[in-house]
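What the coordinates show
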Amino acid sequence: MASHAYASSSLASSAPALLFLVFLISCLAAAAQSKLPPSSPEGLLKQMTKELNDGTFMPVVGLGTWKSQPNEVEAAVYHAVCNAGYRHIDAAQIYGNQDEVGRGLARAFKTVAF
């Protein structure tokens, strides 16, 4: 019985990794069909959106800021927006890093034309 419980917990802990792998493969497949290079800000991240009920589009890939180290979030947000093409930043209030996210976005808005 103990080995079965271990196998179940091992499988459960690998499920997020498996889902990420499936997601990554689908991203690469989408990039292969795209004429834009996926590493460019105009590439894959801008193409991967989901249409919402009101007709607007939301990026499906976002930068997560949960458990980010203090004094690293601002630089990470700036880099994600300016260099990697992110347009979706997960910054839930409970994370407590809104000031750093805001500073990173403010710097990015001065740099990138939207």
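Residues numbered from 1 in each chain as written. Predicted model: local features only at pLDDT ≥ 70, side-chain atom pairs only at ≥ 80, totals over all residues. Heavy atoms only, no water.

1. Some thoughts on the confidence of the model for the protein chain
What counts is decided by this rule: Here pLDDT means the predictor's own confidence in every residue, given as a number from 0 to 100. Strands are runs of DSSP state E lasting at least 2 residues, helices are runs of H or I lasting at least 4, and numbering of each runs from the N terminus. When checking whether two residues touch, look at their non-hydrogen atoms; a contact exists if any pair is within 4.5 Å.
For the protein chain, the mean per-residue pLDDT works out to 74, and 59% of the residues sit at or above 70. Averaged pLDDT values over the elements of the protein chain bottom out at 53 in helix 1 (residues 2-33) and peak at 93 in helix 4 (residues 98-111). Predicted confidence is poor over residues 1-12, with pLDDT under 50, and the contacts of this stretch with residues over four places away or in other chains come to zero contacts.

2. Side note on the environment of Glu-74
Note the following rule: Type-normalised accessible area, obtained with a 1.4 Å probe on protein chains alone, sets the label of each residue: buried when under 20%, exposed when over 50%, and partly exposed for intermediate values.
Assignment of secondary structure puts Glu-74 in helix 3 (residues 73-82). Of the residues examined, Glu-74 reaches a relative accessible area of 19% and is grouped as buried. In this structure the C-alpha to C-alpha distance between Glu-74 and Gln-98, which are 24 residues apart in sequence, comes to 9.5 Å. Glu-74 has contacts with Glu-100, Arg-103, Gly-104 and Arg-107, leaving out every residue within four places of it along the chain.

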